Amino acid sequence: QEARLKRMKRGVITSARLMREDLERGGFRCRAAMLTLTYCPGAEWDPKQVTALVRLVREYLRRRGHRCRYVWVLETTKVGKPHYHVLFWLPRGVTLPKPDKRGWWPWGSTRIEWVRQAVGYLAKYASKGSDHPFPPGARLHGNGGLSAEARAERTWWLAPGWVREVFTVVNRPARAPGGGWVSRETGDWIPSPWRLVDKAAD
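Throughout what follows, the structure given in this document is the object of discussion. (Residues numbered from 1 in each chain as written. Predicted model: local features only at pLDDT ≥ 70, side-chain atom pairs only at ≥ 80, totals over all residues. Heavy atoms only, no water.)

## Examining helix α2 (residues 48-62)
Between its first and last C-alpha atoms α2 spans 21 Å; for 15 residues at 1.5 Å apiece the expected length is 21 Å, and the two agree. Burial in α2 covers these residues: Gln49, Val50, Ala52, Leu53, Val54, Val57, Tyr60 and Leu61. Each element contacted by the buried residues of α2 is listed here: β1 (30-37), β2 (69-76), β3 (82-91) and α3 (99-102). (Helix = DSSP H or I, 4+ residues; strand = E, 2+ residues; numbered from the N terminus. Expected span 1.5 Å × (residues − 1). Buried < 20%, exposed > 50% of the residue type's maximum accessible area, 1.4 Å probe, protein only. Contact = heavy atoms within 4.5 Å.)

## Topic: the packing of aromatic side chains
Under the counting rule described, the total for this entry stands at seven aromatic pairs. Each ring, one from Trp72 and one from Tyr84, has its centre 5.5 Å from the other, and the planes form 80°; the classification is edge-to-face. With Trp72 in strand β2 and Tyr84 in strand β3, the pair connects residues that are twelve residues apart, well separated along the chain. Side by side, Trp72 and Tyr84 carry an identical accessibility label, which is buried. Between Trp105 and Trp107, the ring centres sit 4.9 Å apart and the planes meet at 80°, which makes this aromatic pair edge-to-face. In this structure an aromatic cluster arises from ring pairing among Tyr39, Trp72, Tyr84, Trp105 and Trp107. Seen from the ring of Tyr60, Arg64 lies directly overhead, with NZ or CZ sitting 3.7 Å from the centre. Stacked on the ring of Trp156, the Lys or Arg Arg164 has its end atom at 5.8 Å from the ring centre. (Phe/Tyr/Trp six-rings, centres within 6.5 Å; stacked < 30°, edge-to-face > 60°. Lys NZ or Arg CZ within 6 Å of the ring centre and 35° of its normal.)

## Regarding the nonpolar core
In terms of nonpolar packing, the biggest core is built from 48 residues, with Tyr84, Phe88 and Trp89 touching the most fellow members. Elements represented by at least two residues in this core include exactly α1 (2-26), β1, α2, β2, β3 and α4 (118-127). Per element, the largest residue contribution to this core is seven residues, and it comes from α1. In this structure, Ala159, Trp162, Val163 and Phe167 belong to the second largest nonpolar core, which totals six residues. (Core = buried A, V, L, I, M, F, W, Y, C linked by side-chain atoms within 4.5 Å.)

## Some points on the sheet that holds strand β5 (residues 141-144)
Strand pairing within a sheet occurs via backbone hydrogen bonds; the two strands may be parallel or antiparallel. Spatial strand order, β4-β1-β3-β2-β5: five strands in an open sheet with antiparallel pairing. The sheet terminates laterally at β4 (110-115) and β5, the two strands that pair on one side only. Neighbour-to-neighbour, the strand axes of the sheet open up by a mean angle of 20°, direction not taken into account. As paired elements, β2 and β3 share eight bridges and run antiparallel to each other. Within the sheet, the bridge partner assigned to Leu74 lies in β3 and is Tyr84. Set on the sheet, α1 makes contact with β1, β2, β3 and β5; between it and β2 the angle comes to about 160°. (Pairing = 2+ DSSP bridges. Axes fitted to C-alpha atoms, helices over the stretch in contact; angles between N-to-C directions.)

## Focus on the sheet that holds strand β6 (residues 173-175)
As summarised here, the arrangement of the three strands in space is β6-β7-β8, forming an open sheet in which the pairing is antiparallel. Of all strands in the sheet, those with a lone pairing partner are β6 and β8 (189-190), marking the two edges. In this structure, strand β7 (residues 181-183) lies alongside β8, joined through two bridges in antiparallel fashion. The residue bridging Trp181 from the neighbouring strand is Ile190, located in β8.

Okay, here's the thing in structure tokens:
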């Protein structure tokens, strides 16, 4: 769990930073809205629920001519109950309706608040950790709305160190089918330096 939390923190902070840089390069004037999704007693968690919520928000913004830009992180409460923090970057003058009132989040309650330092705000939640295991099959974070260049840079930053020592961002490294990593620009492939060892066979 400690390793998963470490990867989550790096992924969340990197995604939020790249989102901010995308917006600055494009000259977009946006505000950051933090949406907190909690579960009511008796509600069952399912990994598809946050995906469904994001899909509804994306459609809501699309109908108004806006792109959906977001980063989310999963936490567990002191009693082990999961909940989500979803940060949306919204154009000036655009607000989100409360998802629980709209029926977009029928599993509990929601809260929306504007935040000034979006990256720092997400980093706080990503750094808190958890005293309880995450539910089986749970994704700890997600994002959407990054430009192609930002997605490529995110992949590079989140790649293992041995990959970043060989490939640069412009190589656009990606996981290769069957193992290892491959450059989408050159086609060069590098194998993983790690091998699985069957201790029972020793």
